[in-house]
Amino acid sequence: MSAAPQKAKAGAEKIEVEVSAIVPVNELVSRFEFKRRDGQPFPPFSAGAHTVVEMNDNGRMRLNPYSLMSDPADTSIYAISVRRDDEGRGGSLFMHRHVKVGDPMTITYPVNLFPLDLRGHKHVFLAGGIGITPFLSMIATLERMGGRWEMHYACRSKALGSYVDELTGRHPDKVHVYCDDQDEAIPLESLLDGQPLGTHVYVCGPAGMINWVHSTAEAHGWPKEHVHSEEFLAPQPGKPFEVRLCKSDIVIQVGEHESLLEAIERCGVQAPFLCRGGACGQCETDVVEADGEFIHRDHWLEEEEHASGKKIMPCVSRFVGKTLVLDR
Amino acid sequence: MSKFQFPKSIRSRPVYGTLTPRRGKSHLMIADAEGAEALLDLAQQDAEVFRTAHLIYIPKATGETYVEKLKALKPAQFYVGPSYEASVSRIRRVLSDAHMGLQVYLTGTEGLMGQAMNEAMTAGIPHQAIQTEHRGSVARRMQCVHCKGITEDVMTDPFQCTHCGLHLFVRDHYSRRLAAFQGVCIDAEDPGNIPEPVELYK
């Protein structure tokens with residue numbers, strides 16, 4: 001099992017903020033900037049950290065994680081970039097349609113599940129689409145430290161590549177952009193080849209890209225400790241199911257479009273979370289009894305744990321069957 | 001037989017494995033004395049890895065016993081050094097010229113593996129990715145926690161620090177940074193009460 005969860009409480013500590021700016025980046029992406037309502041500086045964060053944004057969508061609470069993309073050295077603002085997903089569950093649409101400058105919002109303290117390994121002699125960033133966001137704060141950090149880095153950014157078209165002009169303008173020799181509509185692709189094999197000893201590679205993008213980078217690096221003899229990835233998994237819809245929470249002594253219904261974690265929260269039961277994307281391990285829950293099939297979608301549990309039927313990550317995973325009793 | 005099964009110990013004590021061929025762009029193999037046997041076994045599994053291997057071998061007391069056999073594996077580069085100290089500059093040079101995808105294989109005594117691992121880690125390879133296999137002597141490299149002097153090839157417990165002369169209890173507490181076990185004064189509470197030295201693992 002990986003690192004021990006930091007604290008067993010319902011989510012991270014929260015910060016009351018106000019939306020201080022909304023800047024359209026391109027057709028799909030907007031940057032939201034926050035300042036603190038109490039006028040204090042924000043807590044410092046390390047590059048690669050994310051925050052979970054609370055959205056009160058007509059009484060329905062949505063909680064979406066977003067990478068902090070502002071400069072970690074600037075504690076006066078936090079900024080995130082949100083890609084509008086018209087087919088998604090509605091969080092990003094809510095941000096784009098309903099959030100206005102001046103709105104009060106609540107976000108969590110930053111949590112970092114994708115930090116730079118500062119022992120690295122060199123850092124290679126591979127971004128796909130909106131996966132660019134964690135790298136903006138990493139670049140700011142490395143530039144300040146005089147660290148060695150290069151970036152390879154794959155996007156659908158130049159117009160849909162977020163921050164392409166800023167990045168290539170500021171770091172013309174380090175940032176390389178590949179556009180699908182130009183039939184360009186990241187030349188992964190040749191760029192892994194010949195990297196100096198002590199190089200770390202970081203990938204953020206769709207699952208296929210992440211798997212491709214892990215398997216290619218492994219085939220080139222890279223230690224797995226030098227390949228880092230982050231994927232924000234949204235809970236996928238599925239058939240409604242019923243769950244009994246034995247500690248709370250209630251039976252709850254999980255709807256088609258809500259996650260098990262969201263259903264637990266909706267019924268007033270406090271459950272811990274940090275990433276809501278199946279990666280941090282904070283919401284890991286023991287299964288007391290189950291008669292049916294689990295649909296595991298997380299990156300946290302080991303394969304044997306998935307097979308054992310004794311654990312579930314309620315933020316992204318579901319269940320199909322007759323009975324499910326959780327120790328919650 | 002050059003293999004030795006270390007008894008179970010505290011978490012700090014290094015655990016060694018069995019060398020297996022790994023996919024990689026190039027291979028660095030560093031061995032001393034009976035470590036040669038582990039490399040010969042490795043060649044049995046896959047002789048191909050030696051075609052892109054740089055082999056650094058320090059025979060110590062085994063003299064010429066293994067040199068020709070290792071040479072016959074046809075490593076891309078083969079260096080026989082009189083001592084670890086004499087080989088360090090070469091090891092550093094190989095590591096500084098190396099690229100990602102280099103596989104490191106260390107075999108032989110604990111002192112050799114620990115020091116060479118330290119060099120590889122400094123060069124940027126995570127310790128989890130470095131293969132080790134113990135062969136030959138169970139002698140240890142010990143640091144005196146009092147004077148910080150390091151004594152090589154310690155075979156008995158307690159032993160007398162070659163730097164400050166204190167009699168030291170041989171601990172399994174290991175420092176990856178120093179590539180050495182820790183020796184602590186055995187008669188601090190009761191000066192002069194020094195047990196007869198016994199050979200390690202006897």
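Residues numbered from 1 in each chain as written. Chains lettered and ligands numbered in written order. Predicted model: local features only at pLDDT ≥ 70, side-chain atom pairs only at ≥ 80, totals over all residues. Heavy atoms only, no water.

(A) Geometry of the UniProt feature "domain: Dimethylamine monooxygenase subunit DmmA-like N-terminal" (unreviewed entry) in chain B. Taken from the UniProt record, the annotation "domain: Dimethylamine monooxygenase subunit DmmA-like N-terminal" (unreviewed entry) applies to residues 9–130 of chain B. Spanning residues 9–130 of chain B, this segment combines 35% helix with 20% strand, and its end C-alpha atoms are found 21 Å apart. (UniProt positions renumbered as here; feature names shortened; annotations may be inferred. Helix = DSSP H or I, 4+ residues; strand = E, 2+ residues; numbered from the N terminus.)

(B) Representation of the interface of chain A and chain B in the model. Every contact between the two is made by 15 residues of chain A and, on the other side, 17 residues of chain B. Counting each side, the surface lost to burial between chain A and chain B is near 1,300 Å², with a carbon and sulfur contribution of 61%. Our count for the chain A to chain B interface comes out at 1 salt bridge. The partner of Lys25 of chain B in a salt bridge is Asp193 of chain A, with the nearest N and O atoms 3.2 Å apart. Across the chain A-chain B interface, the total number found is 4 residue pairs in polar contact (both at pLDDT 80 or more). Looking at the side of chain A that touches chain B, its residues break down into 5 nonpolar, 8 polar and 2 charged. (Contact = heavy atoms within 4.5 Å. Buried area = accessible area lost by both parts, 1.4 Å probe. Salt bridge = Lys/Arg side-chain N within 4 Å of Asp/Glu carboxyl O. Polar contact = N/O pair within 3.5 Å; in protein donor to acceptor, adjacent residues only side chain to side chain. Nonpolar A, V, L, I, M, F, W, Y, C, P; charged D, E, K, R; others polar.)

(C) Representation of the packing of aromatic side chains within the structure. Residues and elements named next belong to chain A. Counting across every chain of the model gives 14 aromatic pairs over all chains. With centroids separated by 3.9 Å and ring planes inclined at 15°, the aromatic side chains of Phe42 and Tyr78 adopt a geometry described as stacked. Pair noted here: Phe42 is in the loop between strand E2 (29–36) and strand E3 (50–57) and Tyr78 is in strand E5 (residues 78–83), with a separation of 36 residues, a long-range link. By relative accessible area, which is 2% here, Phe42 ends up buried. Look at Phe294 and Phe319: their rings are 5.2 Å apart centre to centre, the planes differ by 65°, and that puts the pair in the edge-to-face class. Taken together, the residues span a long stretch of sequence, with Phe294 in strand E14 (residues 285–295) and Phe319 in strand E16 (residues 318–326) at a distance of 25 residues. No difference in accessibility class separates Phe294 from Phe319, as the two residues are buried. (Phe/Tyr/Trp six-rings, centres within 6.5 Å; stacked < 30°, edge-to-face > 60°. Buried < 20%, exposed > 50% of the residue type's maximum accessible area, 1.4 Å probe, protein only.)

(D) The arrangement of the sheet that holds E3 of chain A in detail. Residue and element names in this part refer to chain A. In spatial order, the strands read E4-E3-E6-E1-E2-E5; together these 6 strands make up an open sheet with antiparallel pairing. The open sheet is flanked by strand E4 (60–67) and E5, the only strands paired with a single partner. Strand-to-strand twist of the sheet, defined as the mean angle between neighbouring strand axes without regard to direction, takes the value 40°. Judged from the 7 bridges that link them, strand E1 (residues 14–24) and E2 form a sheet pairing that is antiparallel. Its bridge partner lying in E2, Pro24 is registered against Ser30. (Pairing = 2+ DSSP bridges. Axes fitted to C-alpha atoms, helices over the stretch in contact; angles between N-to-C directions.)

(E) Molecular detail of the pattern of salt bridges. The full count for this structure, using the stated rule, is 33 salt bridges over all chains. The structure contains a network of salt bridges with shared partners spanning Arg13, Glu110, Arg140 and Asp172 of chain B.

(F) Highlighting the domain arrangement of chain B. Residues and elements named next belong to chain B. Under the domain assignment used here, chain B contains domain 1 (26–134) and domain 2 (140–199). Between domain 1 and domain 2, the residue contacts involve 9 residues of the former and 10 residues of the latter. With both sides pooled, the region where domain 1 packs onto domain 2 buries about 700 Å², and carbon together with sulfur makes up 48% of that total. Connecting domain 1 to domain 2 are 1 salt bridge. In this structure, the salt-bridge partner of Lys60 is Asp153, at a minimum N-O distance of 3.5 Å. (Domains from an automatic or database assignment.)

(G) Inspection of a negative patch on the surface at higher detail. Residue and element names in this part refer to chain A. A contiguous patch of negative charge, built from Asp180, Asp181, Asp183 and Glu184, is present on the exposed surface. Mapped onto the secondary structure, Glu184 falls in the loop between strand E9 (175–179) and helix H4 (188–192). Taking relative accessible area as the criterion, Glu184 reaches 35% and is therefore assigned partly exposed. (Patch = residues over 30% accessible without salt bridge, like charges linked within 9 Å, V, L, I, M, F, W, Y side chains within 5 Å. Areas by Shrake-Rupley, 256 points an atom, 1.4 Å probe, with all protein chains shown as cover. Lys, Arg positive; Asp, Glu negative; His and termini not counted. Charge placed at Lys NZ, Arg CZ, Asp CG, Glu CD.)

(H) Just unusual backbone geometry, in detail. Residue and element names in this part refer to chain B. The peptide bond linking Asp157 to Pro158 adopts the cis configuration, its omega dihedral lying at -5°. One can find Pro158 in the loop between strand E8 (156–157) and strand E9 (159–160). Phi is positive for Ala33, which is not a glycine, with a value near 40°. Among the structural elements, Ala33 can be located in the loop between strand E1 (26–32) and helix H1 (35–45).

(I) Representation of the environment of Glu293 of chain A within the structure. Residue and element names in this part refer to chain A. With respect to the helices, strands and loops of the structure, Glu293 is situated in strand E14. Note on Glu293: relative accessible area 56%, which makes it exposed. Non-local contacts of Glu293, meaning those with residues more than four positions away in its chain, are made with Arg318, Phe319 and Val320.

(J) Up close: the sheet that holds strand E12 (residues 241–245) of chain A. Residues and elements named next belong to chain A. Spatial strand order, E13-E12-E16-E14-E15: 5 strands in an open sheet with mixed pairing. Of all the strands in the sheet, the pair left with one neighbour each is strand E13 (250–254) and strand E15 (311–312). Pairing geometry for E14 and E15, over 2 bridges, is antiparallel. Following the sheet pairing, Thr285 is matched in E15 by Ile312.

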